[in-house]
Amino acid sequence: MLPAEFAAAPLLTDLPEPVAAQRGVRLRLLRDDLHHPALPGNKWRKLQPNLREARRQGHTTLLTFGGAYSNHLAAVAAAGVLYDFQTVGIVRGEPAAARNSTLARCAAAGMQLHFVSREQYRRRSEPDWQAELLARLGPAYLLPEGGTNGLAVQGCAEIVRELAAAHQSYDALTVACGSGGTLAGLVAGAGGHGRVVGISALKGHAPGLRAEVAALVHEATGQSFDNWELRTEFHFGGYARYSAPLLAFIGQFYQRHGILLDPVYTGKLLYGTLALIEQGYFAAGSTVLAVHTGGLQGWAGFTERFGAPPPTSH
Ligand SMILES: Cc1ncc(COP(=O)(O)O)c(C=O)c1O
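Residues numbered from 1 in each chain as written. Predicted model: local features only at pLDDT ≥ 70, side-chain atom pairs only at ≥ 80, totals over all residues. Heavy atoms only, no water.

As for the nonpolar core
Point 1. Core analysis: the biggest nonpolar cluster contains 37 residues, and L15, L27, F249, F253, L270, I277 and F282 have the highest contact counts within it.
Point 2. Looking at this core, the elements with two or more residues in it are α1 (18–22), β2 (26–30), β7 (172–177), β8 (195–200), α10 (244–257), α11 (266–278), β10 (287–291) and α12 (298–306).
Point 3. When near neighbours in sequence (up to four residues on either side) are disregarded, F253 contacts L15, E17, G258, I259, L261 and L270.
Point 4. Of all hydrophobic cores here, the second largest spans 25 residues; its members include V153, I159, L209 and W228. (Core = buried A, V, L, I, M, F, W, Y, C linked by side-chain atoms within 4.5 Å. Buried < 20%, exposed > 50% of the residue type's maximum accessible area, 1.4 Å probe, protein only. Helix = DSSP H or I, 4+ residues; strand = E, 2+ residues; numbered from the N terminus. Contact = heavy atoms within 4.5 Å.)

What follows is the structure, given as structure tokens:
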């Protein structure tokens, strides 16, 4: 059974930040992290249409790919338990990583973990290798890394439709960007209206990622839009890197608003959104809506690796 909805209406909260007040910008946070109790933020948005499709195709197993601390792997494992699918995770890394909290949680949820080298993992999108995996591990519905595919983009576009249905108006949406699927969904949903800004959690990859987002939007809508942008200067050293200034920001944000951000995606999103507001990127009088995409399960792994606990534990 796949429920269609959890939150009845988008959950929005105002973020009274001095920088925004000075620039005459209204900053709001869409608490999409609270949308689904077990599959927070973009995870449910991306998975829901794929789980439906998997079921429609008669699959009982989901097979997907991820790094050793992947929020996506954790979400697929949780979805398997909730919606009665077997799950298989192809993990980049050594079997010793299975002890980390993300993978331990995946295993506890019954996910079968298969560890592969970086070289092998690079082949994750190649049909030949995927066919080999399916031949070896049994039939399964394939979910790409990060859960990003055409259906996932459609699922993320729902965020924009729900805002419209609830008559919530805004001038710009901002969102954290990894594989680009969530950003593509917002752009597709916006259909050329307003502005959509992606804040990349990764260092480098910018031209490729922009092209990827544009292709996903085109696949979803048959159209190209120019009302979006990918900002790449707020990566704080790169994907899942330790950054004392970023952690300090997340701590201050928690003090000010009582809302926890994660150190891989949403911390960078809010930091970048506030920096853009300060730079005058958004016109005075505009409303900017940042999308909280969840990711809080990532804190456990971050703390294991770097000894940096979330500000809630201070
Ligand atoms: C919490 C969180 N926010 C944002 C993203 C970025 O999403 P996408 O890969 O669709 O760009 C991810 C990645 O999966 C994530 O876990």
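There's more to say after this.
Topic: helix α9 (residues 206–221)
Point 1. If you check α9, its first and last C-alpha atoms are 22 Å apart, about what 16 residues at 1.5 Å a residue would give, namely 22 Å.
Point 2. Taken residue by residue, α9 has A206, L209, V213, L216 and V217 as its buried positions. With its buried residues spanning 100° around the axis, α9 presents them on a single face. Those residues of α9 that are exposed and aimed more than 90 degrees away from the buried face are P207 and E219.
Point 3. Lining the buried residues of α9 we find α7 (150–165), β7, α8 (181–190), β8 and β9 (228–231).
Point 4. G222 occupies a position one or two residues after α9 and carries a positive phi of about 70°. (Expected span 1.5 Å × (residues − 1). Arc of directions from axis to C-beta.)

Description of the sheet that holds β8
Point 1. Strand order in the open sheet formed by six strands is β1-β2-β10-β7-β8-β9, and the pairing between neighbours is mixed. Of all strands in the sheet, those with a lone pairing partner are β1 (12–14) and β9, marking the two edges. Between one strand axis and the next, the sheet turns by 25° as a mean value, whatever way the strands run.
Point 2. The pairing of β8 with β9 spans four bridges and is parallel. Within the sheet, the bridge partner assigned to V196 lies in β9 and is W228.
Point 3. α8 contacts β7, β8, β9 and β10 of the sheet and is inclined by roughly 180° relative to β8. (Pairing = 2+ DSSP bridges. Axes fitted to C-alpha atoms, helices over the stretch in contact; angles between N-to-C directions.)

Regarding the site of the ligand
Point 1. In the vicinity of the ligand, 16 residues are found, and the nearest of them are K46, G178, S179, T182 and T293.
Point 2. Within the contact set of the ligand, an oxygen atom lies 2.7 Å away from a side-chain nitrogen or oxygen of T182.
Point 3. Burial of the ligand by the protein amounts to 97% of the accessible area it has alone, namely 390 Å².
Point 4. When residues of the shell around the ligand are assigned to their parent elements, the largest contribution, three residues, is made by helix α2 (residues 42–56).
Point 5. For the shell around the ligand, the residue count by class is three nonpolar, eleven polar and two charged.
Point 6. Inspection of the shell around the ligand shows a minimum of three residues originating in each of domain 1 (12–38 + 153–313) and domain 2 (42–147). (Near = heavy atom within 4 Å. Polar contact = N/O pair within 3.5 Å; in protein donor to acceptor, adjacent residues only side chain to side chain. Areas by Shrake-Rupley, 256 points an atom, 1.4 Å probe, with all protein chains shown as cover. Nonpolar A, V, L, I, M, F, W, Y, C, P; charged D, E, K, R; others polar. Domains from an automatic or database assignment.)

Focus on the layout of surface pockets
Point 1. Within this model, the second largest pocket holds a volume of roughly 200 Å³.
Point 2. Considering the residues around the second largest pocket, the lining is formed by 19 residues, among which A38, A74, A75, R105 and Q297 are closest to the centre.
Point 3. Secondary-structure elements contributing two or more residues to the lining of the second largest pocket are α2, α3 (71–83) and α4 (101–108).
Point 4. A total of five residues in the lining of the second largest pocket trace back to one element, the largest contributor, which is α3.
Point 5. Considered class by class, the residues forming the lining of the second largest pocket number ten nonpolar, seven polar and two charged. (1 Å grid on protein atoms, 1.4 Å probe; cavity = no way out; pocket = protein on both sides within 12 Å on 5 of 7 lines; lining within 4 Å. Points joined across faces, edges and corners; volume = space filled by probe spheres on them.)

Details of the pattern of salt bridges
Note that side chains of opposite charge can pair when their charged atoms are close.
Point 1. Summed over all chains, the structure comprises 13 salt bridges.
Point 2. E233 is the partner of R231 in a salt bridge, and the nearest nitrogen-oxygen pair spans 2.5 Å.
Point 3. With a relative accessible area of 14%, R231 lands in the buried category.
Point 4. On the basis of relative accessibility, which here comes to 40%, the residue E233 falls in the partly exposed class.
Point 5. Here the salt bridges share partners, and the residues they tie into one network are R195, E229, R231 and E233. (Salt bridge = Lys/Arg side-chain N within 4 Å of Asp/Glu carboxyl O.)

Some remarks on the domain arrangement of the protein chain
Point 1. Assigned domains within the protein chain: domain 1 (12–38 + 153–313) and domain 2 (42–147).
Point 2. Each of domain 1 and domain 2 has a C-alpha centre, and the two are 25 Å apart.
Point 3. Each partner contributes residues to the interface: domain 1 has 21 residues there, and domain 2 has 15 residues.
Point 4. A buried area of about 1600 Å², summed over both sides, lies between domain 1 and domain 2, and 48% of it is on carbon and sulfur atoms.
Point 5. Put simply, domain 1 and domain 2 have two salt bridges between them.
Point 6. In this structure, R45 engages E162 in a salt bridge whose closest nitrogen and oxygen atoms are separated by 2.8 Å.
Point 7. Counting across the interface, domain 1 meets domain 2 through ten residue pairs in polar contact (both at pLDDT 80 or more). (Buried area = accessible area lost by both parts, 1.4 Å probe.)

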